[in-house]
Amino acid sequence: SDQKFMYDLLVIGGGSGGLAAAKEAVNLGAKVAVLDFVTPSPRGTTWGLGGTCVNVGCIPKKLMHQAALLGEAIHESAAYGWQVPDPNIIKNDWQALTTAVQNHIKSVNWVTRVELRTKKIEYFNALGYFKDQHTICGKMKNGEEKVFTAKNILIAVGGRPRYPDIPGALEYGISSDDIFSLEKAPGKTLVIGAGYIGLECAGFLNSLGYDATVMVRSIVLRGFDQQMANTIAQEMERRGVHFIYQAKPSKIEKQADGRLLVHWVDKERQTHQDIFDTVLFAIGRKPLTEELKPENIGLQLIPETAKIDAIDEQTNVPNVYAVGDVLHKKPELTPVAIHAGRLLARRLFGNSTEQMDYVNVATTVFSPLEYGCVGLSEEAAIAIHGEDKIEIYHAYYKPTEFFIPQKDVSNCYIKVIAFRNGDQRVLGMHFIGPNAGEVIQGFAAAIKCNLTFPKLKDTVGIHPTVAEEFTRISVTKRSGLDPKPQS
Ligand code: FAD
Ligand code: NA7
């Protein structure tokens, strides 16, 4: 330990990336402290230790998605012989759901706190900012400030939902920070923004029995394969989610009855309005970097986004590092933050040289019918390698378990993108269907091992599963043949 400083590593932000780095660093013998502080959302929601994923992200989202899937299963179960009273009168109790979700989160907050204590990581519920490159001021809830010094500082402050600059947005809107603990059932909901968070929220709300509308400014799921993205939106629409395309909100007003009157403008500059009980903004997230007073240490931020352009997680200030959602042009995903944090701690305190590989990170959109993918989208593959160099394989398929309840299979679709010549290495895999995350995870490992199309075809499937469809895929887009199942 360097006697000049209180700590070997001070982590600002006790979320996915920060906690992973802190735990790895103490395991390697470093003296570590973590500051974590949650500023209440505009409507006053706040939460405990653990960051976005645990409190207002992946975990509550997946639990609400599961609630939605169970509701769907109740309806299907009658076809399988279950003597369900009358599925149409079965309702989800919002309070019971949110209570269960919040209780789980509180137990995770508690376990995290105990773990920090046992590992001897010092934890402070304080909002940190830079005084100089080795000194952090931590502002506690009571306004008191505490000073910390450290040899290395890790920025892992993540981000928070953005709000548009329109009248009524901050006063009456909510975000993903609020939805999972909303005291009152959301009722008729307008979700503004068509990124994965917007689609997931609209999807589970619709499945839970609430009228849900997505307002799309341009396209759905920017950055994802657009054919897959549009298939997801089409499936949501089929299930009753409404979409308003090419529209931008302009004003939200509260009516005398407490409901919200939302005004929006379409691409012909026509104005429209409708009444909703809840307006949820999912228009992207803003990193919490400016609050760190980066100017005090000359820390450079990307001007447009306020994100940090680190090289191997090292910022332009040599002893200051960054991981997770604050990083410029890196996937905003929990396992990415965790892996980068852990590898960084090993490089700092364990003589490791291993670097984080941000390429081919798999992800899943937990829309009602899920979408999992790894590697390149069709557009990206064409842009990078040219249409002539790649082959696109695709197929519609029918999950075995869909037959008896006669579930709609029209959007169960998969796609594999590979080099057309040479070793025919697989560049991207895309799956829409049940358990997409479970399906795509193993294929991500295969791609990491340089999976080729012939090897994929030489893999014996597991029958009857949905994942085996990838081993059966053979129709190319180029052939123009029908990708519908031929049975
Ligand atoms: P965070 O987990 O956000 O942690 C940062 C912490 O630092 C927070 O607790 C914050 O309050 C605190 N903090 C901020 N500033 C300061 C300061 N100055 N001083 C002290 N503390 C501070 N990812 C997935 O992989 N899968 C999913 O299914 C998924 N679903 C998501 C669903 C939603 C609705 C959302 C919002 C996100 C989802 N994500 C998902 C993304 C995932 O949550 C983030 O990528 C991940 O949490 C980023 O980790 P992080 O360590 O960068 O920051
Ligand atoms: P995303 O993926 O950044 O998506 C934001 C969505 O909101 C997207 O559809 C945007 O449309 C839309 N948007 C952005 N600004 C506005 C305004 N002002 N009005 C209306 N609609 C708007 O954010 P998420 O919250 O889903 O996900 C968070 C992060 O996780 C994201 O950054 C990913 O990297 C991963 P656009 O396509 O820009 O027209």
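What counts and what doesn't
Residue numbers here run from 1 along each chain, matching the order of that chain's written sequence. To label them, take the chains in the order written and letter them from A, then take the ligands in the order written and number them from 1. The model is predicted, so local features are restricted to residues of pLDDT at least 70 and side-chain atom pairs to those at 80 or more, both for listing and for counting; the totals for chains, interfaces and linings are taken over all residues. Remark: hydrogens and water are excluded; side-chain values derive from all non-hydrogen atoms of the structure. For this description, a residue counts as near a given molecule or strand if any of its non-hydrogen atoms is within 4 Å of it. Throughout this description, a polar contact denotes any pair of N or O atoms lying within 3.5 Å of each other; where both atoms belong to protein, one of them has to be capable of donating a hydrogen while the other can accept it, and for residues adjacent in sequence the pair is counted only when both atoms sit in side chains. Where accessible areas are quoted, they stem from the Shrake-Rupley method and a 1.4 Å probe; at the residue level, only the protein chains shown are allowed to cover. Counted as salt bridges are all cases of a side-chain nitrogen of Lys or Arg within 4 Å of a carboxyl oxygen of Asp or Glu. Only DSSP runs of H or I with at least four residues qualify as helices, and only runs of E with at least two residues qualify as strands; both kinds are numbered from the N terminus onward. In this scheme, a residue with accessible area under 20% of its type's maximum is buried, one over 50% is exposed, and one in between is partly exposed, where area comes from a 1.4 Å probe on protein chains only. Multiplying one less than the number of residues by 1.5 Å gives the expected span of a helix. In what follows, residue pairs with any heavy atoms lying within 4.5 Å of each other are defined as contacts. We define a nonpolar core as any set of buried Ala, Val, Leu, Ile, Met, Phe, Trp, Tyr and Cys residues linked to one another through side-chain atoms lying within 4.5 Å. Orientation is described by axes fitted as lines to C-alpha atoms, over the contacting stretch for helices, and by angles from 0 to 180 degrees between their N-to-C directions. Rotating anticlockwise by less than a right angle from the far helix to the near helix defines a left-handed crossing, while the corresponding clockwise rotation defines a right-handed one. In this classification, the charged set is Asp, Glu, Lys and Arg, the nonpolar set is Ala, Val, Leu, Ile, Met, Phe, Trp, Tyr, Cys and Pro, and all remaining amino acids, among them Gly, are polar. Should DSSP find at least two bridges between two strands, the strands are regarded as paired. Scored from 0 to 100, pLDDT reflects the predictor's confidence in each residue. What sets the label is the angle itself: under 35 degrees gives roughly parallel, over 145 gives roughly antiparallel, 65 to 115 gives roughly perpendicular, and the rest give oblique. Two aromatic rings from Phe, Tyr or Trp, using only the six-membered ring of Trp, form a pair when their centres are within 6.5 Å; if the ring planes differ by under 30 degrees the pair is stacked, by over 60 it is edge-to-face, and anything between is tilted. For a crossover, the right-handed case is the one in which the path from the first strand over the helix to the second runs clockwise, viewed with the strands pointing away from the viewer.

(A) Region of the structure containing the site of ligand 2. Close to ligand 2 lie 15 residues, the nearest being Ala194, Arg217, Ser218, Arg222 and Glu332. Within the side chain of arginine 162, one N or O atom sits 3.4 Å away from a nitrogen atom of ligand 2. Taken by itself ligand 2 offers 770 Å² of open surface, and the protein chains cover 78% of this.

(B) Highlighting the pattern of salt bridges. The full count for this structure, using the stated rule, is 25 salt bridges. Residues aspartate 177 and arginine 160 are paired through a salt bridge, measuring 2.7 Å at the closest nitrogen-oxygen approach. One end of the pair, aspartate 177, is in helix H6 (residues 176-179); the other, arginine 160, is in strand S7 (residues 159-161), with 17 residues separating them in the sequence. The exposure classification of aspartate 177 matches that of arginine 160, with both residues buried.

(C) Representation of helix H9 (residues 334-349) in the model. With 16 residues, H9 extends 22 Å between its outermost C-alpha atoms, agreeing within 8% with the 22 Å of an ideal straight helix rising 1.5 Å per residue. Listed in full, the buried residues belonging to H9 are Thr334, Val336, Ala337, Ala340, Gly341, Leu343, Leu344, Ala345 and Arg347. For H9, the secondary structure elements touched by its buried residues are helix H1 (16-27), helix H2 (51-56), helix H3 (58-77), strand S6 (145-155) and strand S17 (320-322). Immediately downstream of H9, the backbone of asparagine 351 shows phi near 55°, a positive value.

(D) Region of interest: the nonpolar core. With 66 residues, the main nonpolar core has Trp94, Phe243, Val416, Met429, Phe431 and Phe470 as its most contacted residues. With sequence-adjacent residues up to four places away left out, phenylalanine 470 is seen in contact with Ile414, Lys415, Val416, Met429, His430, Phe431, Val439, Ile440, Phe443 and Leu456. If you look at the next biggest cluster of nonpolar residues, it comprises 49 residues, including Tyr7, Ile136, Leu299 and Ile308.

(E) Representation of the packing of H3 against helix H7 (residues 196-207) in the model. Contact geometry for H3 and H7: axes closest at 8 Å, N-to-C directions at 35°. Helix-helix and strand crossings are classified by hand; for H3 and H7 the assignment is left-handed. Listed contacts from H7 to Lys61, Met64, His65 and Ala68 of H3 are Tyr196, Glu200, Phe204 and Ser207. Residues belonging to the contact of H3 with H7 are distributed by class as follows: four nonpolar, two polar and two charged.

(F) Here's a closer look at the sheet that holds strand S15 (residues 278-281). Strand order in the open sheet formed by five strands is S8-S15-S9-S10-S11, with parallel pairing between adjacent strands. With one partner strand each, in any of the chains shown, strand S8 (174-175) and strand S11 (242-244) form the two edges of the open sheet. Bridging between strand S10 (residues 212-215) and S11 involves three bridges; their strand directions are parallel. Paired with methionine 215 across the two strands is isoleucine 244, which belongs to S11. Relative to S10, H7 is tilted by about 165°, and along the sheet it contacts strand S9 (189-192), S10, S11 and S15.

(G) Broad picture of the confidence of the model for the protein. A residue-level look at the protein finds 99% of positions with pLDDT of 70 or above and a mean pLDDT of 97. Here the predicted complex scores 0.97 on pTM and 0.97 on ipTM.

(H) A look at the packing of H1 against helix H4 (residues 94-119). Between H1 and H4, the least distance of the axes is 11 Å, while the angle of their chain directions is 25°. Comparing their axes, H4 and H1 come out roughly parallel. For the crossing formed where H1 meets H4, the hand is left-handed. Between H1, through Leu19, Lys23, Val26 and Asn27, and H4, the contact on the second element is made entirely by Thr112, Glu115, Leu116 and Lys119.

(I) Representation of the environment of glycine 14. Considering the arrangement of structural elements, one finds glycine 14 in the loop between strand S1 (7-12) and H1. Sequence spacing of glycine 14 and alanine 33 is 19 residues, and the spatial spacing of their C-alpha atoms is 9.9 Å. Once residues within four sequence positions are removed from consideration, glycine 14 is found in contact with Leu19, Val34, Leu35, Asp36, Leu49, Gly50 and Gly51.

(J) Looking closely at the site of ligand 1. Close to ligand 1 lie 36 residues; Asp36, Phe37, Thr52, Lys61 and Asp325 are nearest. The separation between an oxygen atom of ligand 1 and a polar main-chain atom of serine 16 is 3.4 Å. Contacts to ligand 1 include lysine 61, whose side-chain N or O atom sits 2.7 Å from an oxygen atom. In the complex, 95% of the free accessible area of ligand 1, which totals 1000 Å², lies under the protein chains. Those elements giving two or more residues to the shell around ligand 1 turn out to be H1, H2, H3, strand S4 (126-132), H7 and H9. For the shell around ligand 1, the element with the highest residue contribution is H2, accounting for four residues.

(K) Spatial organisation of the environment of lysine 477. Within the secondary structure, lysine 477 sits in the segment after helix H13 (469-472). Take lysine 477: its relative accessible area is 28%, and that puts it in the partly exposed class. The residues touching lysine 477, leaving out its near neighbours within four places in the chain, are Gln227, Glu378, Ile392, His394, Tyr413 and Lys415.

(L) Broad picture of the packing of aromatic side chains. By the definition in use, this model includes 11 aromatic pairs. Arranged with centres 5.8 Å apart and planes meeting at 90°, the rings of tryptophan 94 and tyrosine 210 form a pair that is edge-to-face. Of the two residues, tryptophan 94 sits in helix H4 while tyrosine 210 sits in the loop between H7 and S10, which places them 116 residues apart along the sequence. Judged by its relative accessible area of 2%, tryptophan 94 is buried. Following the ring pairs from residue to residue traces out a cluster consisting of Tyr397, Phe431, Phe443 and Phe470.

(M) Quick look at the pairing of S9. Every second residue of S9 is oriented toward a common face, with Thr189 and Val191 on one face and Leu190 and Ile192 on the other, all of them buried. Here S9 pairs with S10 via four bridges, running parallel. Paired with isoleucine 192 across the bridge in S10 is methionine 215. Between S9 and its parallel partner S10, the chain crosses via H7, and the hand of that crossover is right-handed. Pairing analysis gives four bridges linking S9 to S15, with the strands arranged parallel. Following the sheet pairing, isoleucine 192 is matched in S15 by phenylalanine 281.

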